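# Residue-level structure breakdown
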Amino acid sequence: MTMEVSKKKGGDFQQCHDLIPGLPSELALECLVRVPFQFQSAMRSVCRSWRSLLSDSSFIQERRRCGKTELLLCLVQPLTPPIPASKSVDETLMVDEKKSEDESHPRVFCTPRFGLSVYNAAMSTWHRVAFPEEEQIPLFCECVVLQDAGKILLIGGWDPETLQPTRDVYVLEFAGRKWRRGAPMKESRSFFACASVSPTKVYVAGGHDDQKNALRSAEVYDVEKDEWSSVTPMTEGRDECQGFAVGTGLRFCVLSGYGTESQGRFRSDGEIYDPATNSWSRIDNVWRFPDTSPRGRTAGDFRSSSTLWCFTDTDLQSERRWETNDDSRNLKLDLQSIQLPMTGSSVFAGSLGGESVVLIGGKRESQGEGEGGVMMKMTTDKKMGKWSHHVHIPCDFSTLPFSHASIYV
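Per chain, residue numbering runs from 1 following the sequence as it is written. Where totals are concerned, whole chains, interfaces and linings use all residues; where local detail is concerned, this predicted model gives features only for residues with pLDDT of at least 70, and gives and counts side-chain atom pairs only at 80 or more. The side-chain values count all of the structure's non-hydrogen atoms but skip hydrogen atoms and water molecules.

- Per an unreviewed UniProt entry, the recorded name for the chain is Kelch repeat type 1, and the organism is Arabidopsis suecica.

So, in structure tokens, the structure goes:
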């Protein structure tokens, strides 16, 4: 069975032959794009033409045209249990020689292993993406999606063996279900700002190096060329900062963070990079929580809205909404605080399509059993609502994620 494919501009399919014997090509394609995503792995085994069809990124674009895409939430999170059974104690344990008053032996800590987990919002299913056996996902790496290219990138973080910041980049071709190594960053970094700012460009900035020094440097990755280029550094070093795309001009915003000498005291300002001028501008009064990292506490998409949701442990009755302006660049940011449904470090907030989501970590016993976690949703498109739509998170996926991104498939 063979397939011939020709495409219009934009990547839409125009003709497909011999997909389903006896059916016109257009009708056969209309049938196949309606198959739920969870069955596509099995579809690849049917024949070469189906495998070729599903491996083409234009297949996802055709599903979008038909309104049949499904929204996936991708989470970089510690695995449970943290130690694979095949690993030896020497390979996986770290020993703290300090002893407490009631301890007769050194404390032994497990080095976590990270995985890429996926929640299918349409089917309410969870699964973990297979990673090459000879590789390990870097600890605390950034997850970013390039929707039009159909790619998920894992960038930077800590090397799983040395526990030092890394330059590594891994690219998942979502249509083909294949991982590959991307070109490494020019500089090792972790806990940095990261965002896709155009269909083919990803920007990173800040974070820290192997000496825990806050970084000013910034880079941009061109996924089509598979290469990194340095851009003008920020005016301030910013560790544990948050990044996102902002405005119709496709600019890159780096929110808060702290300097080398002020670890844990988060700045109230941010910086915005304009690719057109290769320059940064400062925005003041944008983060009002000096004791809280913006990572895992913000949501919003400034490409379609100028609102950033800031999730807080307490209800800020007198300061629920504020604005910051950059008149020189015709930019206004509208920031609104939302009280979390519960308090504590076991909460991670983010976005999923037009909704804000909060993941509440579950408890897990040493024997591997636990009660799982909870995902709660709130629509933030136009009018604020209440936290609702409780989704149970299976125990194996209930550890709090470090980074996340969403993709339509």
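There's more to say after this.
## Notes on helix α3 (residues 48-55)
- The buried label goes to any residue with under 20% of its type's maximum accessible area, the exposed label to any with over 50%, and the partly exposed label to all in between, with areas taken from a 1.4 Å probe on protein chains only. Strands here are runs of E lasting at least two residues and helices are runs of H or I lasting at least four, both read from the DSSP assignment and numbered beginning at the N terminus. The complete set of buried residues in α3 reads S49, W50, L53 and L54. When α3 is viewed along its axis, its buried side chains cluster within an angular range of 125 degrees and face the same direction. Note: the arc covers the axis-to-C-beta directions of the helix.

## Let's talk about the sheet that holds strand β10 (residues 169-173)
- Strands were regarded as paired on the criterion that DSSP finds at least two bridges between them. With respect to topology, 4 strands assemble into an open sheet ordered β8-β9-β10-β11, the strand pairing being antiparallel. Pairing within the sheet leaves two strands with one partner each, and these edge strands are β8 (142-146) and β11 (178-181). Strand-to-strand twist across the sheet, computed as the mean angle between neighbouring axes with direction ignored, equals 20 degrees.
- As paired strands, strand β9 (residues 151-155) and β10 are joined by 5 bridges and run antiparallel to one another. Its bridge partner being in β10, L154 is matched across the sheet by Y170. Angles run from 0 to 180 degrees between N-to-C directions of axes, and those axes are lines fitted to C-alpha atoms, restricted for helices to the stretch in contact.

## A look at the environment of S217
- Its location among the elements puts S217 in the loop between β13 (201-205) and β14 (218-222).
- Since its relative accessible area comes to 19%, S217 is described here as buried.
- What makes two residues a contact is simply this: any of their non-hydrogen atoms within 4.5 Å. The contact partners of S217, leaving out residues within four places of it in the chain, are E187, R189, V204, A205, G206 and P233.
- N or O atoms within 3.5 Å of each other form a polar contact, as long as, within protein, one can give a hydrogen and the other can take it, and as long as residues adjacent in sequence are counted only when both atoms are side-chain atoms. One polar contact links S217 to R189, side chain to side chain, over a distance of 3.0 Å.

## Re the sheet that holds strand β15 (residues 227-231)
- In space, the 4 strands of this open sheet follow the order β12-β13-β14-β15, with antiparallel pairing throughout. This sheet does not close on itself; its edge strands, each paired only once, are β12 (193-198) and β15. Taken pair by pair, the neighbouring strands of this sheet meet at an average axis angle of 25 degrees, ignoring direction.
- By the bridge criterion, 5 bridges tie β13 to β14 in an arrangement that is antiparallel. Bridged to K201 within β14 is D222.

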